[in-house]
Amino acid sequence: MNKVFKNADEAIHDIGNGSIIMLGGFGLCGIPENCIAALVKKEVKELTCISNNAGVDDFGIGLLLKKKQLKKMIASYVGENAEFERQLLTGELEVELIPQGTLATRCMASGYGMPAIFTPAGVGTEVAEGKESRVFNGKEYLMEYAFESDFALVKAWKGDTAGNLIYKETARNFNPLMAMAGKITIAEVEELVEAGQLNPNEIHTPGIYVHRIFKGSVYEKRIEQRTIRQVAN
Amino acid sequence: MLDKNQIAQRIAKELKDGYYVNLGIGIPTLVANYIPDGITVTLQSENGLLGMGPFPLAGEEDPDLINAGKQTITTLPGSAFFDSAMSFGMIRAGKVDLTVLGAMEVSENGDIASWKIPGKMVKGMGGAMDLVASAKNIIVAMMHTNPKGESKLLKKCNLPLTGIKCVKKIVSNLAVIEVTENGFRLLERAPGVTVEEIQNKTEGNLIIEGEIPEMNL
């Protein structure tokens, strides 16, 4: 079976209006830039996006927001995006905020075939409202359901034609977790090689989780907070 | 009264050799600048890194290498990368020895509010709820009062909570305070700050026992 697609447009061809999609990345680090650009171009609407952040005004998921392509955003932190805040306050955009660890682990649970997890995050806060809880060893935990999406869009550093993926540095973040949680997982990579050319010891995401793979044509890799230190005298 | 750097400097004195530490955004990040000589502390960044190093030199920024505040950083020898589920796994499992984070309000029973001002600011909780629900030891770095001069150390938090009964210690611009079963216990006062001033600016129950020493930075 061929998993390799020519480009982002072809890889996302069947993402339609109203799809639930996951997008890997933390801030602007490790985001599927080429898939996002293709979604903007395709003008699909009413999307539900599950991603840790919502990008910035003119990059990442911010590009989809600007074109009003989102119906709902599920994220843990959405600061740094004025358009997002505007759509949230006017009620144009539905938003669900969930703790970062809960978000990550709900994706993981999906890929591990577990329907729910128990976590102490959010106990006693508004996050706990309406949720089942249970006490283990004297401590209260919330039951949170596993996440599944129609499409998971992830970004890796290297991938092979079998769909195996290797991530770079902190660009790993949510990518391997979301890769496990898509009914269809689409991976874009900086370097695409033939099966057999990656060292099996170094694979982060086994190809069984990846349905489509393509080499991204361009990576801007924008830095959100460029911080440097001065050379010591 | 302490400035932000001095708050960080005082918190750094709580670090012990071998600690794994998670530093939040803002004042907590500055703690990394004051790690005492002779001890080894490993910094965890919840986006997926242990062994965080200083900011890079100009020209050496790497867009794939950032901290939880989205700032460009570096790694130190012995560092490791992992995914976000493992990152919060080690936090939930109590492997991280100390968490330092900011707050808008703390109550006398250790509740913390830090993520939302209804109708005004909605940025999200990020990893703060996971951290405060699981960390063994939580120190809050904060200003004692808000810009209007109102106490941020309260009987009960007014803002939506991040976590309950979790804060162990507070280092503010005025004082070092321990959160006990009976309320805020004053441990140290900032240079030049009187016990009376701290009392006046603390709405929650403040326990003052014996002579309160001045902080030693």
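Since the structure is predicted, the reported quantities are computational estimates derived from the model, not experimental observations. (Residues numbered from 1 in each chain as written. Chains lettered and ligands numbered in written order. Predicted model: local features only at pLDDT ≥ 70, side-chain atom pairs only at ≥ 80, totals over all residues. Heavy atoms only, no water.)

K.L.:
Explanation requested: the overall build of chain A in the structure shown.
P.N.:
Counting its regular elements, chain A contains six helices and 11 strands. Within the span of chain A, comprising 233 residues, buried residues form 56% of the whole. About 10000 Å² of surface is accessible on chain A, with carbon and sulfur atoms providing 49% of the total. Each charge class in chain A was averaged separately, 26 positive and 30 negative side chains, and the resulting centres sit 3 Å apart. (Helix = DSSP H or I, 4+ residues; strand = E, 2+ residues; numbered from the N terminus. Buried < 20%, exposed > 50% of the residue type's maximum accessible area, 1.4 Å probe, protein only. Areas by Shrake-Rupley, 256 points an atom, 1.4 Å probe, with all protein chains shown as cover. Lys, Arg positive; Asp, Glu negative; His and termini not counted. Charge placed at Lys NZ, Arg CZ, Asp CG, Glu CD.)

K.L.:
What am I meant to see in the pairing of strand 6 (residues 133-136) of chain A here?
P.N.:
Remark: a regular strand shows side chains that alternate across the two faces of the sheet. Residue and element names in this part refer to chain A. Direction of pairing for strand 6 relative to strand 7 (residues 139-145): antiparallel, over a ladder of four bridges. Within the sheet, the bridge partner assigned to Arg 134 lies in strand 7 and is Tyr 141. Where strand 6 folds back on strand 7, the antiparallel hairpin that results is connected by two residues, among which Asn 137 adopts a positive phi of roughly 50°. (Pairing = 2+ DSSP bridges.)

K.L.:
So what exactly am I meant to see when it comes to helix 4 (residues 82-90) of chain A here?
P.N.:
For an α-helix the count is 3.6 residues per turn, leaving residues at separations of three or four pointing the same way. Within helix 4 of chain A the residues assigned to the buried category are Glu 83, Phe 84, Gln 87 and Leu 88 of chain A. In a view along the axis of helix 4 of chain A, the buried residues occupy a sector of 135°, so they form one face of it. Close packing links the buried residues of helix 4 of chain A with helix 3 (61-66), strand 3 (70-75) and strand 4 (94-97) of chain A together with strand 9 (121-122) of chain B. Measuring from the backbone nitrogen of Glu 83 of chain A back to the side-chain oxygen at the start of helix 4 of chain A gives 3.3 Å, which picks out Asn 81 of chain A as the cap. A positive phi of about 85° marks Gly 91 of chain A, the residue just after helix 4 of chain A. (Arc of directions from axis to C-beta. Contact = heavy atoms within 4.5 Å. Polar contact = N/O pair within 3.5 Å; in protein donor to acceptor, adjacent residues only side chain to side chain.)

K.L.:
Before we go on, may I ask you to explain the layout of surface pockets in this structure?
P.N.:
Remark: the empty space left among the atoms is shown by a probe the size of a water molecule rolled over them. Residue and element names in this part refer to chain B. Taken as a whole, the largest pocket holds about 1200 Å³ of empty space. Around the largest pocket, the lining comprises 46 residues; the ones closest to its centre are Gly 102, Ala 103, Met 104, Ser 114 and Trp 115. Elements that contribute at least two residues to the lining of the largest pocket include exactly helix 2 (27-30), strand 5 (98-101), helix 4 (128-134) and strand 10 (138-142). Ranked by the residues each element gives to the lining of the largest pocket, the list is headed by strand 5, at three residues. The class makeup of the residues in the lining of the largest pocket is 21 nonpolar, 15 polar and 10 charged. Lining the second largest pocket are 32 residues; nearest its centre among them are Ala 32, Leu 43, Met 52, Gly 53 and Pro 54. Looking at the lining of the second largest pocket, the elements that each hand over two or more residues are strand 1 (20-23), helix 2, strand 2 (42-45), strand 3 (49-53) and strand 4 (74-81). Element by element, the count of residues in the lining of the second largest pocket is highest for strand 4, at five residues. Class assignment for the residues of the lining of the second largest pocket results in 17 nonpolar, 14 polar and one charged. (1 Å grid on protein atoms, 1.4 Å probe; cavity = no way out; pocket = protein on both sides within 12 Å on 5 of 7 lines; lining within 4 Å. Points joined across faces, edges and corners; volume = space filled by probe spheres on them. Nonpolar A, V, L, I, M, F, W, Y, C, P; charged D, E, K, R; others polar.)

K.L.:
Would you explain the pattern of salt bridges in this entry?
P.N.:
Any two side chains of opposite charge can pair if their charged atoms end up close together. In the structure shown here, the tally under the stated rule is 27 salt bridges over all chains. Taking the shortest distance from any N to any O, the salt bridge between Lys 169 of chain B and Glu 14 of chain B comes out at 2.8 Å. Residue Lys 169 of chain B is found in strand 12 (residues 169-172), and its partner Glu 14 of chain B is found in the loop between helix 1 (4-12) and strand 1; the two are separated by 155 residues along the sequence. With respect to class, Lys 169 of chain B is no different from Glu 14 of chain B; both count as buried. A cluster of three or more residues bridged by salt bridges with shared partners is formed by Lys 155, Lys 168, Glu 190 and Lys 221 of chain A together with Asp 62 and Asp 64 of chain B. (Salt bridge = Lys/Arg side-chain N within 4 Å of Asp/Glu carboxyl O.)

K.L.:
Just to check I follow, could you spell out the nonpolar core for this structure?
P.N.:
Core analysis: the biggest nonpolar cluster contains 50 residues, and Val 140 and Ile 170 of chain B have the highest contact counts within it. Top contributing element to this core by residue count: strand 10 of chain B, with five residues. (Core = buried A, V, L, I, M, F, W, Y, C linked by side-chain atoms within 4.5 Å.)

K.L.:
Mind showing me how you'd approach the interface of chain A and chain B here?
P.N.:
On the side of chain B, 48 residues touch chain A, which itself brings 50 residues to the contact. Each partner contributes to the roughly 4100 Å² buried at the junction of chain A and chain B, and carbon and sulfur atoms together form 60% of this total. In terms of surface lost to chain B, no three residues of chain A exceed Glu 169, Thr 170 and Arg 229 of chain A, which account for 16% of the buried area on that side. Counting every contact that joins chain A to chain B gives five salt bridges. Lys 168 of chain A is paired through a salt bridge with Asp 64 of chain B; the nearest N and O atoms lie 3.5 Å apart. The tally of links between chain A and chain B comes to 25 residue pairs in polar contact (both at pLDDT 80 or more). The element best represented in the side of chain A that touches chain B is helix 5 (residues 100-111) of chain A, accounting for six residues. (Buried area = accessible area lost by both parts, 1.4 Å probe.)

K.L.:
Honestly, helix 2 (residues 33-42) of chain A in this entry has me stumped. Any pointers?
P.N.:
All names here are of chain A. With seven of its 10 residues buried, helix 2 lies for the most part within the structure. All buried positions along helix 2 are accounted for by Glu 33, Asn 34, Cys 35, Ile 36, Ala 38, Leu 39 and Val 40. Here the buried face of helix 2 lies against helix 1 (8-11), strand 1 (20-23), helix 3, strand 8 (149-160), strand 10 (182-193) and strand 11 (212-215).

By themselves, these are just geometric observations and shouldn't be taken as functional.
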